[in-house]
Amino acid sequence: MGSLFSSLTIAVGALQAEQGALNVTSNNVANVNTPGYARQRAVFHEGVPVELPPLVFGTGVVFGQPQSVRDDILELRLHEETQQQGQFDAEVQQLQQAQTGFQGTNDVGTQLTNFFNSLNKLSADPSSQPLRQGFLTAAGNLASSFQTTARSLEIQRTNIDQSVVQSVSQINTLTQQIAGQNQQIAALENVHEDAGVLISQRTESIRQLSQLIDVRVVPNESSISLTTANGALLVASSQSFALSAQVSPSGVQHIFSQGNDITGKLSGGSLNGLITVRDQSIPGLLNQLDTLAAGLSTTLNGIHRAGFDLNGAAGGDLFTPPPVGVTGAASSISVAITDPSLVAASSDGSPGSNGNAAALYNVRGQAVANGQNPFDYYASVVFNVGNGVATAQTESQASGQILQQLTDQRNSISAVSLDEEGANLLRYQNAYQAAAKVITTINELTQAAVNLGTY
Amino acid sequence: MRVNPNPIADILASIALDQQTQETALAQLASGRRVNLPSDDPAAAATLSLNHAQASQDDQFLQVISGVSARLQVADSTIGSVVSSLDRAISLGIEGGGGATLSNANRSAIVTELQGLQQQILGLANTSFQGSYIFAGTASTAAPFSANPASPSGVSYAGNTGTNTLAVGQSFSVTVNLPGSQLFSGTGGDVFQSLQDLIVAVQNNTGIDTAVLGLRKAFDVVTTQRVFYGNVLQQLDAQQTSINSEKLQLARQENAVGGADPAAAASAAVSAATARTAALQAATSLLNTSLFNFLK
């Protein structure tokens, strides 16, 4: 049978439960803008009833462990898409920078046109010193446009290399942090306490790590491990494994995990975007510039040597010969002669002959690089540059949209809604007030019961 | 289904997208160009690179055509003067062939005038244009003809037989000079030799008719060769017209490939601005709504 005191106990339990719920609400409201925070839900259980046959009495409410509302699978999917986004964003940013050398009024294409135009001018009056000087100036401008474009790509490559080292140290900081969080979570879970808030923090750390590198989350018995998609271990429970960056024989930073070179084995994250641009995109562009510079200077030199200068002597090289194997041709090309009278415009040894200038001019339509004439080849380089940026942009946009949708989904499950918290606040407030009223009432009844004897 | 309680990121993304569309459209309107970076349209950027190279070459061809035309016109009018001098020499020869009616004094006056014409033609044959001798072949830095008493014709030629060709179109070149040897001592008639022959004939009063005949042949050679200049000038004129129309085509292509469509850009700018304003208004009202505003 129930008693006033058992009712009082129930009411006190209710007060405590509502206080706990208010605590959860307050915590949710406080963390409304915390990145990665998953809202918590107050959990109420009905107390175990007391049986006094034939009656059964309720024993009030029990405040359970608050639960974090989170979809773990969705979080994993978010990590993966964040890795894609990280890679494409890094690529777009770097490639946009690289393409600036291929537009404007001082690019290789413009200087190629100016060079051949100056040859055409020279053909009209081959013995003119000003026109010869004009031709050498145009040749110098062409060489320096090759150099500027190639060197700025090389500088960009060096800068990317520094970013790679920075990314590695950021990754190491994060994996260390995650190992620490794993330890704290395990400690709480061992004593059966809720680690929801810590798990939120860890999820946010993994999301930050995902922007940098391709992380796979492997749950194990009591914790999680992190590896790269290729299997290089980053975190095992409470232990982190640092990556290291070392200069490789090719002169760029390679990334090592426990002694293994994993540079070419990454598949996502901004680190992989940087490495892709550093090791593929920029060397590809440099190679195309080198091919053009080498093909052009070799062909022009051959023709120039077959002609005669203003003094009737056989011509020499017009440009410094490209290095063997083409690599570095664009960044090292320069004009080999400075004296305008050494320009071999003549094909018969007489100063007024333009035969060799005309032959040099005809190179504009000859196959000098990959079977293409210089203008067509340069146009294909421009296409490749633009296409690289445009493709990365499209991929980044697509990945950005997916990420946005996933974030929406994640937020619809885990984000704190202030409206919801406001409503909960009212509910818990009302329930608290009601429980308090119950206590007041029981108090009055108890007073009444005590006073029964005084009359 | 629970709704995403935090739509700010979505709203900001869509506002940013509208803003980007608006800025792109405005940039297109301001520059008149749709392709400003290779990544804007890679294929168009490649086409434009070729288009600009060709347009710039065309400008160069037009310059070179006007320069070389001036030189060819000088050559043509010089040969015109040579022709009238030869014409006068032939008249003098016919006059000198008048037989016994002509006094020795008259004949010597004719000889003097013929010698003057000889000097004049020698001067014309050494005409230079902007420092280069136009009848010297490719040895154009030195005067090609000089008086030389040791030579049978009284003149010797130091030029060569070289010719220059000049590109004046993507795949079109013209020869731009005639060597003096071909012009003044070509097959079938030698100007200086036949003039010298006529002077000797008039001086000796014998064989004048034969000498006049020789001079006529030289005259024919010169007038025949002169056609070359007329032809080249005509070709250059035609080429100029064709390059100008090609430039027009290139300008059209540039606009079609890389030019902005002002109407489309303007309407895109306006609709993006409208969308942006709407999104901003929606955001303001949405972000201001909270249950907490009503819990007083």
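The shown structure was predicted, so the numbers you read here are calculated from the model rather than taken from an experiment. (Residues numbered from 1 in each chain as written. Chains lettered and ligands numbered in written order. Predicted model: local features only at pLDDT ≥ 70, side-chain atom pairs only at ≥ 80, totals over all residues.)

## Here we look at the sheet that holds strand 8 (residues 224-228) of chain A
The strands making up a sheet are joined through hydrogen bonds of the backbone, oriented either antiparallel or parallel. Residues and elements named next belong to chain A. Judged by pairing direction, the sheet is antiparallel, and its four strands sit side by side in the order 7-8-9-10 without closing on themselves. The two strands at the open ends of the sheet, each matched to only one other strand, are strand 7 (215-219) and strand 10 (239-240). Relative to strand 10, strand 9 (residues 233-236) runs antiparallel, the two sharing two bridges. Looking at strand 10, one finds that A236 is bridged to Q239. (Pairing = 2+ DSSP bridges. Helix = DSSP H or I, 4+ residues; strand = E, 2+ residues; numbered from the N terminus.)

## Here's the deal with the interface of chain A and chain B
Chain A puts 47 residues into the contact, and the matching count from chain B is 41 residues. Among the secondary structure elements, those contributing two or more residues to the side of chain A that touches chain B are helix 3 (108-124), helix 8 (355-361), helix 9 (374-414) and helix 10 (418-451) of chain A. Considering each element in turn, the side of chain A that touches chain B owes the most residues, 18 residues, to helix 9 of chain A. (Contact = placed C-beta atoms within 7 Å.)

## Overview of the confidence of the model for chain A
Confidence along chain A averages 92 in pLDDT terms, with 99% of residues attaining 70 or more. Across chain A, the element-wise mean pLDDT spans from 86 in strand 3 (residues 50-52) of chain A up to 95 in helix 6 (residues 269-306) of chain A. (pLDDT = per-residue confidence, 0-100.)

## Some words on the domain arrangement of chain A
Residues and elements named next belong to chain A. Along its sequence, chain A is organised into domain 1 (4-69 + 416-454) and domain 2 (76-402). A straight line from the C-alpha centre of domain 1 to that of domain 2 covers 65 Å. Contacts between domain 1 and domain 2 engage nine residues on the former and eight residues on the latter. Here the side of domain 1 that touches domain 2 is built from residues that sort into four nonpolar, five polar and no charged. (Domains from an automatic or database assignment. Nonpolar A, V, L, I, M, F, W, Y, C, P; charged D, E, K, R; others polar.)

## Focus: the environment of D419 of chain A
Considering the arrangement of structural elements, one finds D419 of chain A in helix 10. For D419 of chain A, a count of 14 C-beta atoms within 10 Å translates into the label partly exposed. When sequence neighbours within four positions are dropped, the list of residues in contact with D419 of chain A reads S290 and L291 of chain B. (Buried ≥ 20, exposed ≤ 12 C-beta atoms within 10 Å, placed from the backbone.)

## Focus on helix 5 (residues 196-212) of chain A
Residues and elements named next belong to chain A. Across its 17 residues, helix 5 extends 25 Å between first and last C-alpha, which sits within 8% of the 24 Å expected from 1.5 Å per residue. Among the 17 residues of helix 5, 12 are classified as buried, and the element is accordingly described as predominantly covered. Along helix 5, the positions that sit buried rather than exposed are G196, I199, S200, Q201, R202, T203, S205, I206, L209, S210, Q211 and L212. Lining the buried residues of helix 5 we find strand 1 (40-41), strand 6 (67-68), helix 2 (72-99), helix 4 (129-190), strand 7 and helix 6. (Expected span 1.5 Å × (residues − 1).)

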